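# Residue-level structural notes
The residues making up each chain are set out below.
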Amino acid sequence: MAVSTTSATTSSITESTFTQMSTMDIVYVTVTTVSSSLSVIGCIVIIGAHVAYRMLRTTGRAMLVQLSIADMLTALGNILGVLWDSAMLNRSKVYCSIQSAWTIFSSNASFFWTVAIALTLCWAIISNRPTTADRYWAIFMIVCWGVPALVTVIALSCDVLGYDPNLHQASWCWIDPEADNSLFWTFFTGKAWELSACLLTVVLYSAIKISLFRHRAKNKAIASNRKSRRDVIHEANVKLTFVPLVFIMLRIWGTVRFLIGFIDHQYASSSEAFWVVPLQPWAL
């Protein structure tokens, strides 16, 4: 009888949750859950391949594994955010702070590892020193995990984590808008690192493309037996174009919503800003 009562209560809560959710809320929850789940699966595949195949364990691929771990934590944090918005948790303040700290740490770690990989690749190609990552591995580990951890601890200790209850659409835990200097905290815990990562990624991969272009130009007059090498360089050059483009396109929607809220909070809090909601969950 107790089991039956518990089951009925859970079913009632679930039905109530979906009844209260708007269409845009359902879209947000669905897209967030699907995209985050796919991200977790992809990260597990990368990490699993690195563990299973010893021959693939280069320092460069180890950096990619660190980035995958950070991205997987971010995706799991987004799924936790969906659970927080459910009726079962009733938007718990404690849970919100934990979820916010989780995603602040993982997102910033992802930004740092993205820049670290770009910096290592840029230096290796321009200086023709492929062992750069080996020499500075310890520094990368300390900075890329240590700085995000420090930022998270500071935000937690200052009790500024929370959410905006005035938003009439799907939202997430981050910085309490009622906290002192809330704008500073939004930049300190995320946006400053995100925008810096976008800028540095574009600059570094542009430098790589320029270096490859110059290298290819110098070898135009080489005999036909080196043609395959030039083709490989050209192919790598084309692929590198998409790295900063994909990074920015996946990250830009959360920034768009942030800027809308900063410029016109009333509009961002209204249902009129619905158009950015389905796009934001892809910013993983």
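Residues numbered from 1 in each chain as written. Predicted model: local features only at pLDDT ≥ 70, side-chain atom pairs only at ≥ 80, totals over all residues. Heavy atoms only, no water.

With that out of the way, let us pick up the confidence of the model for the chain. On average, residues of the chain score 76 in pLDDT, and 66% of them reach the 70 mark or higher. Note on residues 1–20: pLDDT is under 50 here. Beyond four places in sequence and across chains, it has four contacts. (pLDDT = per-residue confidence, 0-100. Contact = heavy atoms within 4.5 Å.)

For helix H4 (residues 93–127), spanning 35 residues, the distance from its first C-alpha to its last is 50 Å, which sits close to the expected 51 Å at 1.5 Å a residue. Backbone geometry just downstream of H4 places Asn128 in the positive-phi region, at approximately 60°. (Helix = DSSP H or I, 4+ residues; strand = E, 2+ residues; numbered from the N terminus. Expected span 1.5 Å × (residues − 1).)

This next bit is on the packing of helix H3 (residues 59–84) against H4. Here H3 crosses H4 at 155°, and the two axes come no closer than 8 Å. The angle between the axes of H3 and H4 places the two elements in the roughly antiparallel class. Here the hand of the crossing between H3 and H4 comes out left-handed. Split by residue class, the contact of H3 with H4 holds 17 nonpolar, twelve polar and one charged. (Axes fitted to C-alpha atoms, helices over the stretch in contact; angles between N-to-C directions. Parallel < 35°, antiparallel > 145°, perpendicular 65-115°, else oblique. Left-handed = near helix turned anticlockwise from the far one by under 90°. Nonpolar A, V, L, I, M, F, W, Y, C, P; charged D, E, K, R; others polar.)

The next thing to look at is the packing of aromatic side chains. In total, this model carries seven aromatic pairs according to the counting rule given. Note on Phe184 and Trp185: the rings are 5.3 Å apart at their centroids and 70° apart in plane angle, and the pair reads as edge-to-face. Judged by relative accessible area, which is 48%, Phe184 ranks as partly exposed. Classification of Trp185 as buried rests on a relative accessible area of 10%. (Phe/Tyr/Trp six-rings, centres within 6.5 Å; stacked < 30°, edge-to-face > 60°. Buried < 20%, exposed > 50% of the residue type's maximum accessible area, 1.4 Å probe, protein only.)

Any covalent bond linking the sulfur atoms of two cysteines counts as a disulfide. Under the counting rule described, the total for this entry stands at one disulfide. Paired through a disulfide, Cys96 and Cys173 show a sulfur-sulfur distance of 2.2 Å. Disulfide Cys96 to Cys173: torsion about the S-S bond roughly -130°, handedness left-handed. In this pair, Cys96 is assigned in helix H4 and Cys173 in the loop between strand S1 (161–162) and strand S2 (174–175), connecting sequence segments 77 residues apart. This pair shows no difference in class: Cys96 is buried, exactly as Cys173 is. (Disulfide = S-S within 2.5 Å.)

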